[in-house]
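Here's the letter readout for the chains.
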Amino acid sequence: MATEIEKAAERVAKLRAQAEKLSGPLADAQAQLDAAQEAESVRRAEREEAYNRNVVATWRDHADEAANSGDDAHARFLAALSAEPWFAAYVEYRSARYKRGHVLTEAQRAQTALREAVTVPEQRWYDAAILDEIQRTVEKQAAALGAKFSEDLDAQREAFVAERG
């Protein structure tokens, strides 16, 4: 049993010597890693500050560009919408409300001109449910496109901050 103890003690001594021999380089490597991580953190912070300064300096131009980026699409939308038969029918349907309004206004004007009591009712305006449904659908899809744009902006910022040089 003494031999086993001696062998184990020798093994422990050898491993201890190896550990001491490697602990210096390990500590050096850890210090280098810590320094590199700190340098990278500082570099990224500087890049992020540069990015933020650029955004602050140019946001108006980018906001105007983003706001105007839909102008052509809006014009195409109106042209396509106007060409749709269902839209033309809906416009015709809604125009009946305006026609009625003009008749009521003319009758009220005539009664007033004759100094009669105005008995013609006021025009009642109401929105059709189709507009609400279209608007909800448009807003949902537009929000999704806006979210994608936001993700792209985040990716641009991250690419700028991560860029070396």
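Residues numbered from 1 in each chain as written. Predicted model: local features only at pLDDT ≥ 70, side-chain atom pairs only at ≥ 80, totals over all residues. Heavy atoms only, no water.

J.: What should I look at first to understand the packing of aromatic side chains in this one?
T.: Note on aromatic pairs: each is described by the distance of the centres and the angle between the planes. On inspection of all chains with the given rule, the structure shows 3 aromatic pairs. Residues W86 and F87 carry aromatic rings whose centres are separated by 6.0 Å and whose planes lie at 85° to one another, so their mutual orientation is edge-to-face. Classification of W86 as partly exposed rests on a relative accessible area of 41%. Accessibility expressed as a relative area gives 22% for F87, which makes it partly exposed. Judged by centre distance (5.8 Å) and plane angle (50°), the rings of Y90 and Y93 are tilted. A residue pair is termed a helical-turn pair when its members lie 3 or 4 positions apart in one helix, as Y90 and Y93 do in helix 3 (residues 85-113) at 3 residues. (Phe/Tyr/Trp six-rings, centres within 6.5 Å; stacked < 30°, edge-to-face > 60°. Buried < 20%, exposed > 50% of the residue type's maximum accessible area, 1.4 Å probe, protein only. Helix = DSSP H or I, 4+ residues; strand = E, 2+ residues; numbered from the N terminus.)

J.: What is the right way to read helix 1 (residues 2-68) from this model?
T.: Structural remark: α-helix, 3.6 residues per turn; residues separated by three or four positions point the same way. The largest bend along helix 1 reaches roughly 60° and is located at T58. R43, R47, Y51 and T58 are the residues of helix 1 that are buried. Among the structural elements, helix 4 (129-162) are those in contact with the buried residues of helix 1. (Bend = angle between axes of the 7 residues up to and from the residue. Contact = heavy atoms within 4.5 Å.)

J.: Before we go on, may I ask you to explain the pattern of salt bridges in this structure?
T.: Under the defined criterion, the tally for this structure stands at 8 salt bridges. Here E40 makes a salt bridge to R164, at a shortest N to O gap of 3.0 Å. Taken together, the positions of E40 in helix 1 and R164 in the segment after helix 4 put the pair 124 residues apart, joining distant regions of the chain. A residue is classified by how much of its surface remains accessible, and E40, at 23% relative accessible area, is partly exposed. By relative accessible area, R164 is classed as exposed at 60%. Note that R47 is salt-bridged to E163, the shortest N-O span being 3.4 Å. One end of the pair, R47, is in helix 1; the other, E163, is in the segment after helix 4, and 116 residues separate them in sequence. (Salt bridge = Lys/Arg side-chain N within 4 Å of Asp/Glu carboxyl O.)

J.: Please clarify how a nonpolar patch on the surface should be interpreted in this entry.
T.: Together, W86, I130, L131, I134 and V138 make up a nonpolar patch on the protein surface, roughly 410 Å² of accessible area in all. Counting through the fold element by element, V138 comes out in helix 4. Since its relative accessible area comes to 46%, V138 is described here as partly exposed. (Patch = residues over 30% accessible without salt bridge, like charges linked within 9 Å, V, L, I, M, F, W, Y side chains within 5 Å. Areas by Shrake-Rupley, 256 points an atom, 1.4 Å probe, with all protein chains shown as cover.)

J.: When you look at the packing of helix 1 against helix 4 in this model, what are you seeing that I'm missing?
T.: Each pair of packed helices gets described by two things: the angle between the helix axes and the distance between those axes. The geometry of helix 1 relative to helix 4 is characterised by a closest axis approach of 8 Å and an angle of 130° between their N-to-C directions. On the basis of the axis angle, helix 1 is oblique to helix 4. With respect to the hand of their crossing, helix 1 and helix 4 are arranged in right-handed fashion. For the pair helix 1 and helix 4, contact is made by R43, R44, R47, E48, A50 and Y51 and by L153, Q156, R157, E158, F160, V161 and A162, respectively. Considered class by class, the residues forming the contact of helix 1 with helix 4 number 6 nonpolar, 1 polar and 6 charged. (Axes fitted to C-alpha atoms, helices over the stretch in contact; angles between N-to-C directions. Parallel < 35°, antiparallel > 145°, perpendicular 65-115°, else oblique. Left-handed = near helix turned anticlockwise from the far one by under 90°. Nonpolar A, V, L, I, M, F, W, Y, C, P; charged D, E, K, R; others polar.)

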